[in-house]
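Observations on the three-dimensional arrangement
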Amino acid sequence: RFKFLKRENHSLKHQLMPTNQKQKMKERKKELRKLIAEEKAKYSASMLKDLSADILIIGAGPAGLSAALYAARAGKKTLVLKGKARSHLAMAHAVENYPGMDPLPGPELLKRMEDHAKSFGAEIISGDAISLGLGSDPKMVSTRNEFIEAGTVILAMGKGEHKKSVPNEERFLGTGLSYCAVCD
């Protein structure tokens, strides 16, 4: 659209018009300039945000957040990319065998892990990695909104989606049906 508007504005400059239409032409040019400026603003707003980190961790489950905790604690600029897929821990009704903790809901444990990593300076952003360039130095990762450069990329995307073994099992999660990482 931007190119079309620019072409239309350019062609108006080179048309010979009778004197009575000059005012209309000036008004149309002004309107086109305004539209071009709006299109440029939209284009600029849609550009990717550039980010950089010493360590980028793709995945915000227990493994990713543990890595973030240690990396940030070591003084590295640490960025965690939290995708739209939920961690299995976020779906756990109760976690009963985490060392040093009384049984607690999975989402609460995950929140504590996030807060702990953040307390050492790790930054957590939302977005799915859509492009990885891991063969270069620095490594490059893109999301829909960011372009991220990092010295190291840790892939901690988790186990993947659980395969259903019981019809309608999602209805029964937390009401007697449960998963066990050790058993399963």
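Predicted model only: the values in this text are computed from it and were never measured.

There is a patch of nonpolar side chains on the surface, built from L132, L134, L155 and M157 and spanning about 380 Å² of accessible area. If you trace the backbone, L134 turns up in the loop between strand 4 (131–133) and strand 5 (139–142). Here L134 falls in the partly exposed class, since its relative accessible area comes to 36%.

Bringing the pattern of salt bridges into the picture now. What the rule picks out here adds up to 4 salt bridges. Across the pair E114 and K82 runs a salt bridge whose closest N-O atoms are separated by 2.9 Å. Taken together, the positions of E114 in helix 4 (residues 106–119) and K82 in strand 2 (residues 78–82) put the pair 32 residues apart, joining distant regions of the chain. For K82, a relative accessible area of 31% gives the class partly exposed. Residues D115 and K111 are paired through a salt bridge, measuring 2.8 Å at the closest nitrogen-oxygen approach. Pair noted here: D115 and K111 are both in helix 4, with a separation of 4 residues, about one helical turn. Since its relative accessible area comes to 43%, K111 is described here as partly exposed.

This part is about the pairing of strand 5. One ladder, built from 3 bridges, connects strand 4 with strand 5; its direction is antiparallel. Within strand 5, the residue paired with S131 across the bridge is S142. Connecting strand 4 to the antiparallel partner strand 5 that follows it, the hairpin turn spans 5 residues. Here strand 5 runs beside strand 6 (residues 146–155); their pairing, made up of 4 bridges, is antiparallel. Residue pairing for strand 6: V141 is matched across the bridge by I148. Two successive antiparallel strands, strand 5 and strand 6, enclose a turn made up of 3 residues.

Before going further, it helps to examine the pairing of strand 1 (residues 49–58). Bridge count for strand 1 against strand 6 is 9 bridges, and the pairing is parallel. Across the sheet, residue K49 finds its bridge partner in strand 6, namely E146.

The residue after D137, namely P138, is reached through a cis peptide bond having omega 5°. Residue placement: P138 occurs in the loop between strand 4 and strand 5.

The next thing to look at is helix 3 (residues 62–73). With 12 residues, helix 3 extends 16 Å between its outermost C-alpha atoms, agreeing within 8% with the 16 Å of an ideal straight helix rising 1.5 Å per residue. On its buried face, helix 3 is in contact with strand 1, strand 2, helix 4 and strand 3 (123–126). Taken from the residues just after helix 3, G75 is the one with a positive phi, measuring 85°.

Quick look at the packing of helix 3 against helix 4 now. What describes two packed helices is the angle between their axes and the distance between those same axes. Their axes nearest at 8 Å, the elements helix 3 and helix 4 cross at an angle of 20°. Between helix 3 and helix 4, the interaxial angle falls into the category roughly parallel. As helix 3 runs across helix 4, the sense of the crossing is left-handed. Mapping the contact onto sequence places P62, L65, A68, L69 and A72 in helix 3 and L110, M113, E114, H116 and A117 in helix 4. In terms of residue class, the contact of helix 3 with helix 4 is made up of 8 nonpolar, 1 polar and 1 charged.

What counts and how
Residues numbered from 1 in each chain as written. Predicted model: local features only at pLDDT ≥ 70, side-chain atom pairs only at ≥ 80, totals over all residues. Heavy atoms only, no water. Patch = residues over 30% accessible without salt bridge, like charges linked within 9 Å, V, L, I, M, F, W, Y side chains within 5 Å. Areas by Shrake-Rupley, 256 points an atom, 1.4 Å probe, with all protein chains shown as cover. Salt bridge = Lys/Arg side-chain N within 4 Å of Asp/Glu carboxyl O. Helix = DSSP H or I, 4+ residues; strand = E, 2+ residues; numbered from the N terminus. Buried < 20%, exposed > 50% of the residue type's maximum accessible area, 1.4 Å probe, protein only. Pairing = 2+ DSSP bridges. Expected span 1.5 Å × (residues − 1). Contact = heavy atoms within 4.5 Å. Axes fitted to C-alpha atoms, helices over the stretch in contact; angles between N-to-C directions. Parallel < 35°, antiparallel > 145°, perpendicular 65-115°, else oblique. Left-handed = near helix turned anticlockwise from the far one by under 90°. Nonpolar A, V, L, I, M, F, W, Y, C, P; charged D, E, K, R; others polar.

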